[in-house]
Amino acid sequence: MSQSSFKLFWGDDEHNDDNPQDFFNAVERSFLGKVLTEPEKIRQFELSLKSTGLAKAWLDGLEKTSRENWTQLQAAFDERWPSKVATVKTMEEKVAALAAATLEDAILGTRVTVDGTEELAHVAWADKLERLARAIPDDSNLLLPATIEKMPKALKAVVGTKHKSWKVFCDAVREASVAGVREAQKDQEELRALKDRMAGIERASAQGRNFRDIIQAANTNRPTTVTRAAAPTTASAGTTIAQPRTPATTQLFRPDAERYTDVKSKALPHHPDTPAGRELYARQITDWENKNGTAGPNETKPYPLTPGTTAVASSECWKCGKPGHRGLECEQLVPSAEQKWRSIASTIRRRAEASQPPSVNIVSEQDMAYQEDQEAMFIARIMERIALEQGKGQGSSTTN
């Protein structure tokens with residue numbers, strides 16, 4: 001090892017990376033493979049000191065006998081800079097360190113420097129978590145759920161939450177692709193933007209004439225109508241007379257209970273996963289596309305269901321139509337239009353049931369996983385209705 005392979009030693013308390021024992025060991029390692037005299041060893045030691053540092057001043061003031069003998073120099077150095085003994089961390093400190101090891105949203109998907117090497121932030125985080133958990137040690141994985149709970153939402157959407165051990169969880173985090181993480185981040189940003197926009201519209205419309213009625217009707221499942229003012233007509237020059245007429249009304253919302261009735265009554269025949277069933281299903285798809293074109297499904301035009309899947313609004317997974325798991329664990333996906341229809345039907349059912357008298361409901365993990373997505377859909381629905389209402393404002397009277 002050459003003299004330039006390690007940092008020069010200052011010997012004061014102002015440089016945190018100045019470790020006396022590590023420095024002296026590095027100097028001795030530089031002797032390996034060489035045959036050096038005592039003066040040569042001491043000279044290499046002297047050249048390894050910062051010229052303006054405290055250690056160089058100490059060496060210059062050392063007695064001549066200590067400066068001419070390597071063993072005596074080492075003894076004098078150890079006396080001046082005694083070895084530091086690190087204290088052993090308690091169990092409480094180790095648990096606290098694990099709890100404090102969080103991954104910030106701001107650095108997710110970027111690279112960080114660890115021990116002089118660049119690494120993806122979530123990979124470095126997984127390495128640190130596994131090391132800290134092993135140091136405790138948390139062999140029973142009792143602290144794992146709390147760490148998963150604090151994980152950034154975008155990363156949670158990619159790796160899931162059903163991990164039984166630190167190794168399985170950390171491996172899943174390391175395997176998360178940057179593309180998948182960024183796509184999940186984009187989804188989160190769009191959701192936040194929708195919520196922010198909705199909040200802005202609500203503040204700006206606090207004095208509006210119909211906004212609160214629209215929101216109240218949406219929350220209580222009552223139809224809301226917007227009444228347009230009578231159009232004025234001119235009877236003679238300089239005179240304007242408003243002619244009475246039947247107000248035009250537009251229904252903005254249907255009760256969710258009524259919509260849920262349509263979900264059940266208008267459902268298309270659901271065929272078994274047999275050759276005959278698959279043939280009938282193919283005909284349903286063709287008929288539906290010919291009739292509806294690019295329009296999306298809803299309770300009045302339900303989308304055909306893949307043979308062998310479960311019925312809509314049955315707490316099933318929306319992505320594959322099977323029960324008992326979350327979307328991240330699907331093995332085979334149904335068509336995207338069917339996924340959309342299943343999500344709409346389940347949302348209608350949940351809101352219809354929520355409008356009934358209070359009862360004890362068991363909310364499936366599937367519903368919880370997509371709750372935020374459905375909130376965004378609801379916000380978008382309200383904003384569309386507000387835009388419709390604002391485009392049909394009152395006309396102003398004119399005078400010639």
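Residues numbered from 1 in each chain as written. Predicted model: local features only at pLDDT ≥ 70, side-chain atom pairs only at ≥ 80, totals over all residues. Heavy atoms only, no water.

Student: It is not clear to me how the overall build of the protein should be interpreted in this structure. Could you clarify?
Tutor: Assigned secondary structure in the protein consists of 17 helices and six strands. For the protein, the residues scored as buried account for 36% of the 400 residues in total. Considering only contacts within the protein whose residues lie at least 6 apart along the sequence, 63% involve residues at least 24 apart. Of the accessible surface of the protein, which amounts to about 24500 Å², a share of 51% is contributed by carbon and sulfur atoms. (Helix = DSSP H or I, 4+ residues; strand = E, 2+ residues; numbered from the N terminus. Buried < 20%, exposed > 50% of the residue type's maximum accessible area, 1.4 Å probe, protein only. Contact = heavy atoms within 4.5 Å. Areas by Shrake-Rupley, 256 points an atom, 1.4 Å probe, with all protein chains shown as cover.)

Student: When you look at the pattern of salt bridges in this model, what are you seeing that I'm missing?
Tutor: Note on pairing: side chains with opposite charge can pair once their charged atoms come close. Counting across every chain of the model gives 17 salt bridges. One salt bridge in this structure joins Glu-130 and Arg-134, with 3.9 Å as the shortest N-O distance. Taken together, the positions of Glu-130 and Arg-134, both in helix 7 (residues 121-135) and four residues apart, correspond to about one turn of that helix. Among the ionic pairs, Arg-259 bridges to Glu-299, the shortest N-O distance being 2.8 Å. In this pair, Arg-259 sits in helix 13 (residues 256-265) while Glu-299 sits in the loop between helix 14 (275-292) and helix 15 (336-354), placing the two residues 40 residues apart along the sequence. Judged by its relative accessible area of 14%, Arg-259 falls in the buried class. (Salt bridge = Lys/Arg side-chain N within 4 Å of Asp/Glu carboxyl O.)

Student: I keep staring at the nonpolar core and nothing clicks. Help me out?
Tutor: The tendency in soluble globular proteins is for nonpolar side chains to be buried as a group. In this structure, Trp-125, Leu-129, Met-151, Leu-155, Trp-166 and Phe-169 are the most contacted members of the largest nonpolar core, which totals 25 residues. Broken down by secondary-structure element, the contributors of at least two residues to this core are helix 7, helix 8 (144-149), helix 9 (153-159), helix 10 (166-175) and helix 11 (178-204). Among the elements that line this core, the one with the most residues is helix 7, at six residues. Every residue in contact with Met-151, bar those within four places of it in the chain, is listed here: Trp-125, Lys-156, Val-159, Gly-160 and Phe-169. Grouped together as the second largest cluster of nonpolar side chains are 19 residues, Phe-24, Val-27, Ile-42 and Trp-81 included. (Core = buried A, V, L, I, M, F, W, Y, C linked by side-chain atoms within 4.5 Å.)

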